[in-house]
Each structure stands twice: as structure tokens, then as C-alpha cells.
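Commentary on secondary and tertiary structure
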Amino acid sequence: QSVLTQPPSVSAAPGQKVTISCSGSSSNIGNNYVSWYQQIPGTAPKLLIYDNNNRPSGIPDRFSGSKSGTSATLGITGLQTGDEADYYCGTWDSSLSAVLFGGGTKLTVL
Amino acid sequence: QLQLQESGPGLVKPSETLSLTCTVSGGSISSSSYYWGWIRQPPGKGLEWIGSIYYSGSTYYNPSLKSRVTMSVDTSKNQFSLKLSSVTAADAAVYYCARSSIAAAVPIEVDPWGQGTLVTVSS
């Protein structure tokens with residue numbers, strides 16, 4: 001059971017928008033930066049969002065991040081079949097002195 | 001462009017020690033701006049952070065693994081290493097090495113990641 005809670009799966013049609021939530025507490029999301037990762041099966045995770053809402057160079061602006069209180073959200077617009085992947089949130093937990101990852105969310109583009 | 005490459009045995013016997021090394025190329029492991037870490041992923045499961053190490057040797061470990069984990073850094077070889085003792089079948093996973101940026105003296109986002117190496121635990 002992960003300290004950071006994500007829905008196991010989400011789905012949407014091509015061209016549509018989807019959001020993935022990540023719920024934590026004041027010791028992690030509430031007071032630390034959140035990052036998001038995309039993992040296509042058989043490959044290493046890739047950083048999508050850092051510092052809550054910043055995109056690394058090369059990540060399309062279809063991907064966005066936000067944080068409010070002890071929850072964070074990844075948004076993906078204009079869904080493409082190539083977006084089918086597992087998505088993970090991550091952050092630091094100040095009480096545990098540990099990096100945390102959410103349990104992961106499988107995105108299906110119908 | 002920074003690259004990380006994991007190396008080590010792909011098969012470890014139960015109760016023995018798993019040892020992996022990560023070689024960093026395209027950048028210096030002695031940078032004051034980053035932590036270097038290990039993350040693992042059991043087959044079909046999610047990501048689990050193992051620990052992070054600074055070039056000076058300062059470490060953070062996952063509390064659930066802390067008693068079995070030792071990380072070290074070799075700045076002369078631009079490498080860092082992981083040792084996990086007393087392994088069981090539950091330690092079988094793909095092990096990734098990676099770099100983390102720093103905020104408020106702790107590791108934050110992980111980027112880039114190595115390609116990962118599969119470690120099987122079996123006699």
C-alpha cells in the first residue's frame with residue numbers, strides 16, 4: 001500500500017483529456033515538490049513534470065501538472081495512442097526522510 | 001547528455017548479497033547539484049525507491065530496506081554502487097540507477113534513469 005494514492009487505471013478516447021490524481025499528506029505532497037513519470041511497458045520511467053508544474057525540455061505542453069494542498073494532478077490533453085503507459089507521481093516525505101512514489105496509474109486510450 | 005548504466009549479476013542466490021554498480025557518463029558524479037540513487041520495480045508492480053547518495057557519501061535510505069542496504073560512491077571512477085544483503089525472492093526486480101535534483105538539501109525529481117537491469121533471486 002503506497003503512501004501516495006493514485007487510481008489504478010483511467011481511460012479516455014483519442015483526442016480527449018484525462019486527469020490522474022495523487023493524494024498524500026502534509027509530510028509529503030503538502031510541503032514538497034511533486035514530479036510525474038511516464039513508463040511505457042518494457043522501458044525505464046521518463047520524467048514528465050517536476051516542481052509540481054514544470055515540464056522538462058522536449059515534453060509537449062499536452063502534459064501539465066498542478067498541486068493543491070495535499071493532492072497533485074497530472075493532466076493530459078489531446079490523448080494519443082502513444083500516451084498509453086503507466087504514470088507515477090513522486091515526492092519527498094519529510095517525516096520518513098524518503099522518496100515516495102505513488103502506486104501508479106495505467107492509462108488506456110480507447 | 002548524461003547517461004547511466006547499471007551493471008552486476010543478473011542472478012543472486014537467496015540469503016546472499018546483491019551488488020550493482022552504476023556508471024555515469026556525460027557528466028560528473030561529483031556535482032554538488034545532484035543525488036544519485038537506486039529505484040527498483042518488481043515484475044508487474046510499481047516503483048520502489050531504495051536510496052540516494054551524495055558525492056560526499058551522505059545517504060538517505062528507504063526505511064523499510066535500511067537494515068539491508070549500503071550505498072557507496074567512487075568519484076574517481078564516476079560510479080556509485082548498491083549492496084542489498086540477505087536477499088529473498090521478494091527482492092527480485094528491475095533495478096534502476098538514476099540522478100535526482102536537490103531542493104532544501106533533499107533529493108527530488110528523478111532524471112535521467114538508467115535502462116534498468118533485471119535481478120532474479122534463485123538458488
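For the structure itself, consult the block above.
Heads up: these notes are all about the structure in this document. (Residues numbered from 1 in each chain as written. Chains lettered and ligands numbered in written order. Predicted model: local features only at pLDDT ≥ 70, side-chain atom pairs only at ≥ 80, totals over all residues. Heavy atoms only, no water.)

Observations regarding the pattern of salt bridges
Residues and elements named next belong to chain B. Across all of its chains, the model carries four salt bridges over all chains by this definition. Residues R40 and E48 are paired through a salt bridge, measuring 2.7 Å at the closest nitrogen-oxygen approach. The closest approach of N and O atoms between R68 and D91, which form a salt bridge, is 2.9 Å. With a gap of 23 residues between them, R68 in the loop between β6 (59–61) and β7 (69–74) and D91 in the loop between β8 (79–84) and β9 (93–103) connect regions that are remote in the sequence. A cluster of three or more residues bridged by salt bridges with shared partners is formed by R40, E48, R68 and D91. (Salt bridge = Lys/Arg side-chain N within 4 Å of Asp/Glu carboxyl O. Helix = DSSP H or I, 4+ residues; strand = E, 2+ residues; numbered from the N terminus.)

Structural notes on the packing of aromatic side chains
For the structure shown, the criterion picks out 12 aromatic pairs over all chains. Plain terms: the ring middles of A:W92 and B:W49 are 6.4 Å apart, the flat faces sit at 75 degrees to each other, and that makes the pair edge-to-face. Taken together, the residues A:W92 in strand β7 (residues 85–93) and B:W49 in strand β5 (residues 48–53) connect one chain to another. Taken individually, A:W92 and B:W49 each receive the classification buried, so the pair is uniform in this respect. Summarising the aromatic geometry, the rings of B:Y35 and B:Y60 are spaced 5.7 Å apart at their centres and angled 50 degrees between planes, so their arrangement reads as tilted. Of this pair, B:Y35 sits in strand β4 (residues 34–41) while B:Y60 sits in strand β6, and the two are 25 residues apart along the sequence. For B:Y60, a relative accessible area of 21% corresponds to the partly exposed category. Cluster of aromatic residues (ring-pair linked, three or more members): A:W92, B:Y35, B:W49, B:Y54, B:Y55 and B:Y60. A cation over a ring is seen here: B:R99 above B:Y34, with NZ or CZ 3.8 Å from the ring centre. (Phe/Tyr/Trp six-rings, centres within 6.5 Å; stacked < 30°, edge-to-face > 60°. Buried < 20%, exposed > 50% of the residue type's maximum accessible area, 1.4 Å probe, protein only. Lys NZ or Arg CZ within 6 Å of the ring centre and 35° of its normal.)

Here's the deal with the sheet that holds strand β3 (residues 18–25) of chain B
All names here are of chain B. On the basis of which strands lie adjacent, the open sheet formed by four strands has the order β1-β3-β8-β7 and antiparallel pairing. Strands at the two margins of the open sheet, each flanked by one partner only, are β1 (3–7) and β7. Taken over all neighbouring pairs, the strand axes of this sheet differ in orientation by 20 degrees on average, direction set aside. Pairing of β1 with β3 involves five bridges; the strand directions are antiparallel. Bridge assignment links L4 to a residue of β3, and that residue is V24. (Pairing = 2+ DSSP bridges. Axes fitted to C-alpha atoms, helices over the stretch in contact; angles between N-to-C directions.)

Comments concerning the state of the cysteines
Tallied over the entire structure, the rule returns two disulfides over all chains. Between the sulfur of A:C22 and that of A:C89 lies a disulfide, 2.0 Å long from S to S. Judged by the torsion about the S-S bond (70 degrees), the A:C22/A:C89 disulfide is right-handed. On the criterion of sequence distance, the pair formed by A:C22 in strand β2 (residues 18–23) and A:C89 in strand β7 is long-range, its members being 67 residues apart. Of the two residues, A:C22 and A:C89, both sit in the buried class. Between the sulfur atoms of B:C22 and its disulfide partner B:C97 the distance amounts to 2.1 Å. Disulfide B:C22-B:C97: the torsion about the S-S bond is 60 degrees, which places it as right-handed. Pair noted here: B:C22 is in strand β3 and B:C97 is in strand β9, with a separation of 75 residues, a long-range link. Neither B:C22 nor B:C97 differs from the other in exposure class; each is buried. (Disulfide = S-S within 2.5 Å.)

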